[in-house]
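# Structure assessment
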Amino acid sequence: MRESLKHSRGKRLLWQPESVRARTTVGATLVVAVALIAAGFLIVALLRDNLYGRAELTAEVSSRSIAGQLASGTAPTALELPDDDELTQVVDANGDVVAASEDLVGLAALGDFAPQPAPTASEPSTDDDQDDDDDDEPGDDDDDGDTDSPDADDVTAEGGSVGSDIAYRTLDVPDEDAPYRFAAITATAPDGRVYSVYTGSSLETQEEAVDSVEATMLWALVPVLAVVALVTWLVTRRALRPVGAIQKELIEITGGDLSRRVPVPASRDEIHSLATTTNMTLAALDAAVSQQRRFVADASHELRSPLAILRTQLEIAQEHPELLDLEATLGDVMRLQDLAADLLLLARLDAGERPRHVEVPFTELVREEVARRAASDRVPVRLEVEEDLSVMGVRGHLARAVGNLLTNAQRHATGAVSVRLEVEDAEWLRLDVADDGNGVPPGQRRRIFDRFVRLDESRSRDEGGAGLGLAIVQDVALEHKGMVKVLEAPEGGALFRMVLRRS
């Protein structure tokens, strides 16, 4: 059952990168497709505008040419019309077609969108008027002949004019496969008749070019998207390959071997950081589990001794009540009770239990702990404190830490223990507890704060304790954002210094 669960969980985890790979491929392909389609629309629009502009220019040139012929006095029936590539209609003011290309003969006017000619202030000039104009002084200006004004018609030498405005329109012509782009312009003959000239250029070539470009882009879109999808798929698979290796190793690690580590890829990317962080987490978890196992083993060992002694005494008392040593039995019970309390406090600190911190008068707390030991302890304590020092914390935990430091110092002292409480600086206070015993060797000063560690192995368990007192001091100091360390005391013994932040 366990192997089946492990296999199914591993299969589910290993499938996850495939899902990410598919989503990445689809997303990249869609983005490229949208970009290519938008670019295609823009290219086609620019191409169509350019080609239509050329058709307009061709139609405009032809329209102006025919209008110039009309303005010069050429009769509509004598006009020189463009070749078969262009279509032309000349319409008079009544809307009648007076001239047309061969393909437009017999058809009505294709449209009525030619610009209206500019109104004139007088009738067309006669021969006598022309003679009068010749008598004008050279400095006089003729407003009708001013071609610089964009609003005025272009006037020819014979008296006709060509409109300056021109209009464009795309029209479908009967019996023609493609539409035509027409340019419309007005022309005024010398006799005053007004004609509208419509000349159209075929858009067949332009439409074929645009259709060809559109078809080419559509046919090319599918292969391009296929290449993008394939490349994205392969690149994503290569990028996620280390993730698969990490997940596979994690599946094996969940079987119980926390000493193993996931492979770290050589690339310095996010996956490298993920693997490094995962290994750091596994190392911390491995250390925590190992510490927990040692803690359980040591606690079981420490609890077994007083329980065995207590059971032996009770069994002897059951058979021989007169041999019961009540004082020794009570001592074993108290030692067992203290050990259970220490184990419970450490378990709560390990579990992350953080009671609410309040302001604790630390000077008063130190005085109380020293006074509590003054009557019964064999080693006197010399106390030097500064008044009114306080910290933010848990009073019960701080009292346990200070008490453990005093107990440890009195246990190892030969004649005296000194306690000094003073300000470290504006934000910190310092508690020094020193004894005149044998001290702590420099190589053991870090190890002494580990749990169930007793440096003096020759000391009996009744005298030496369980080795949890200094571990509790260190955990309490860390809980209050402080620190504890061991130095050499001026008296030659050990000096334990705890630094805490003032409130």
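Residues numbered from 1 in each chain as written. Predicted model: local features only at pLDDT ≥ 70, side-chain atom pairs only at ≥ 80, totals over all residues. Heavy atoms only, no water.

### A look at the confidence of the model for the chain
- With 85% of its residues at a pLDDT of at least 70, the chain reaches an overall mean of 80.
- Between residues 1–17, whose pLDDT stays under 50, and residues either more than four places distant or in other chains, the model counts 13 contacts. (pLDDT = per-residue confidence, 0-100. Contact = heavy atoms within 4.5 Å.)

### What about the sheet that holds strand β13 (residues 483–488)?
- Reading across from one edge, β9-β11-β12-β14-β13 is the order of the five strands in this open sheet, with mixed pairing throughout. Looking along the sheet, the strands with just one partner apiece sit at the ends: β9 (381–385) and β13. Strand after strand, the sheet turns through a mean of 15 degrees between neighbouring axes, direction not considered.
- Looking at chain direction, β13 and strand β14 (residues 494–501) are connected through six bridges and run antiparallel. Bridge assignment links L487 to a residue of β14, and that residue is L495.
- Sheet contacts for helix α6 (residues 362–374): β9, β11 (417–423), β12 (428–435) and β14; angle to β9, the most-contacted strand, approximately 170 degrees.
- Sitting on the sheet, helix α7 (residues 395–412) is in contact with β9, β11, β12 and β14, with an inclination near 25 degrees to β12. (Pairing = 2+ DSSP bridges. Helix = DSSP H or I, 4+ residues; strand = E, 2+ residues; numbered from the N terminus. Axes fitted to C-alpha atoms, helices over the stretch in contact; angles between N-to-C directions.)

### As for the packing of α7 against helix α9 (residues 469–479)
- Packing of α7 against α9 leaves a shortest axis separation of 9 Å and a crossing angle of 145 degrees. Seen along the crossing, α7 lies across α9 with a hand that is left-handed. Listed contacts from α9 to H397, L398, R400, A401, N404, L405 and N408 of α7 are G469, L470, I472, V473, V476 and E479.
- Of the residues belonging to the contact of α7 with α9, the class tally is seven nonpolar, four polar and two charged. (Left-handed = near helix turned anticlockwise from the far one by under 90°. Nonpolar A, V, L, I, M, F, W, Y, C, P; charged D, E, K, R; others polar.)

### Focus: a nonpolar patch on the surface
- A cluster of nonpolar side chains, contributed by V227, V231 and V235, occupies part of the molecular surface with about 260 Å² of accessible area.
- Inspection of the secondary structure assignment puts V227 in helix α3 (residues 204–253). (Patch = residues over 30% accessible without salt bridge, like charges linked within 9 Å, V, L, I, M, F, W, Y side chains within 5 Å. Areas by Shrake-Rupley, 256 points an atom, 1.4 Å probe, with all protein chains shown as cover. Salt bridge = Lys/Arg side-chain N within 4 Å of Asp/Glu carboxyl O.)

### Remarks on α6
- Look at α6: 19 Å from first C-alpha to last across 13 residues, which is about the 18 Å you get at 1.5 Å a residue.
- Residues F362, T363, L365, V366, E369, V370 and R373 constitute the buried set of α6. Each buried residue of α6 sits inside an arc of 165 degrees when the element is viewed along its axis, so together they form one side. Facing away from the buried side of α6, by more than 90 degrees, are the exposed residues A371, R372 and A374. (Expected span 1.5 Å × (residues − 1). Buried < 20%, exposed > 50% of the residue type's maximum accessible area, 1.4 Å probe, protein only. Arc of directions from axis to C-beta.)

### Notes on the pattern of salt bridges
- Counted under the stated rule, the structure contains 17 salt bridges.
- Between R193 and D191 there is a salt bridge whose closest N-O contact spans 3.7 Å.
- Residues R420 and E384 are paired through a salt bridge, measuring 3.0 Å at the closest nitrogen-oxygen approach. Taken together, the residues span a long stretch of sequence, with R420 in strand β11 and E384 in strand β9 at a distance of 36 residues.
- Several salt bridges converge on common partners, so that one network encompasses E422, E424, R430, D432 and R497.

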